[in-house]
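# Close look at the chain arrangement
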Amino acid sequence: MQPLWTDQIDTVAHKIMPPDYPIVWMGVHSAHDLPTKTDILGACWAWCGKASDQLYGAAFVANTDTKDEDGDHWVVFYFPSPYHKNRTYGAYFFDPLGRSPLDNGHAEWEELLSSWSTDAWEYNQVHIQEIGANCCGQLCLLWLFYMTGRRGFPLGCGTPTTVVQTHFNNMLYAPSPYRRPRQNVYVRSPLLNVCPGHYIN
């Protein structure tokens, strides 16, 4: 599988989240060029021009490398709208390798996530992508596809964590070898005709 470039991720994400969709797509960014909290709030406000409970949130993809480097690994940031009446969770960080921002070497990312709301932010803690595989961009887009309710998971139902548990079942190979131990997650069930417990390459 070939790695995805910035413009490829942006093109697909625009199709998943067009301008009128109630999750705002905020583009693809390098490690040290992420949108600020003010930028994200502004994008949420601009979507509807008011504090509407019709907006679910905002998302963007980032690379763990800076813009001066070749690019190493893609991850997703998701921020639930502060205006939605049914918001029950904080910001979410999705890394197909199950790493936290700090595990990726970016403590400043955790500052952005924790500043979003009083709700605790979370991150994917399970190892979905095989180390060395080039499918991180595809897995990030797949998570966004499921999170936005595009396949069998109604928008606004559940949380980012339940999206992983529901749709990535047989890809959840094991707890990430990178993360600090919190809980064991071993899930085995059929999905996408891939053998349970095997990696997606």
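A short tour of the structure in this document, coming up. Values in this document were obtained by computation on a predicted structure and should not be read as measured data.

Our focus in this paragraph is the packing of aromatic side chains. Between two aromatic rings, the relevant description is the distance of the centres plus the angle of the planes. Counted by the stated rule, this structure contains twelve aromatic pairs. Between the aromatic rings of Phe 79 and Trp 116, the centroid separation amounts to 5.2 Å while the plane-to-plane angle is 65°, which identifies the pairing as edge-to-face. Of this pair, Phe 79 sits in strand E3 (residues 74–80) while Trp 116 sits in the loop between helix H3 (107–115) and strand E5 (122–123), placing them 37 residues apart in sequence. The pair Phe 79 / Trp 116 is uniform in exposure class, with both members buried. Geometrically, the ring pair formed by Trp 121 and Tyr 123 is tilted, given 6.1 Å between the ring centres and 35° between the ring planes. Taken together through their ring pairs, the aromatic side chains of Phe 60, Phe 77, Phe 79, Phe 93, Trp 109 and Trp 116 make up a single cluster.

Of all hydrophobic cores here, the largest spans 28 residues; its most connected members are Met 17, Val 61, Tyr 78, Trp 143 and Leu 144. It is helix H4 (residues 136–147) that provides the largest number of residues to this core, a total of seven residues. Val 24, Phe 79, Leu 113 and Tyr 123 belong to the second largest nonpolar core, which has 22 residues in total.

The strand order across the open sheet built from five strands is E1-E2-E3-E4-E5, with neighbouring strands paired in mixed fashion. Both edges of this open sheet fall to strand E1 (23–29) and E5, since each of them pairs with a single strand only. Relative to E3, H4 is tilted by about 20°, and along the sheet it contacts E1, strand E2 (57–63), E3 and strand E4 (92–94).

Our focus in this paragraph is the pattern of salt bridges. One pass over the structure, following the stated rule, counts one salt bridge. The residue Arg 99 makes a salt bridge to Asp 95 at a minimum N-O spacing of 3.2 Å.

What counts, and where the lines are drawn
Counting from 1, residues in each chain are numbered in the order their sequence is written. Per-residue local features of the predicted model are confined to residues with pLDDT of at least 70, and side-chain atom pairs are confined, for both listing and counting, to 80 or more; whole-chain, interface and lining totals are unaffected and use all residues. Only hydrogens and water are set aside; all other atoms, that is, all heavy atoms of the structure, feed into the side-chain values. The pairing test for Phe, Tyr and Trp rings, Trp by its six-membered ring, is centres within 6.5 Å, and the orientation test on the planes gives stacked under 30 degrees, edge-to-face over 60, and tilted for anything in between. The helix count covers DSSP runs of H or I at least four residues long, the strand count covers runs of E at least two residues long, and both are numbered beginning at the N terminus. Note on classification: 1.4 Å probe, protein chains only; a residue is buried when its accessible area is under 20% of the maximum for its type, exposed when over 50%, partly exposed between these limits. Joining through side-chain atoms within 4.5 Å is the link that ties buried Ala, Val, Leu, Ile, Met, Phe, Trp, Tyr and Cys residues into a set, and such a set is a nonpolar core. Two strands are counted as paired when DSSP detects at least two bridges linking them. Residue contacts are defined here by distance: any two heavy atoms, one from each residue, within 4.5 Å place the two residues in contact. Between N-to-C directions, angles cover 0 to 180 degrees, with each direction set by a line fitted to C-alpha atoms, over the stretch in contact for helices. In the sections that follow, a salt bridge refers to a side-chain nitrogen of Lys or Arg positioned within 4 Å of a carboxyl oxygen of Asp or Glu.

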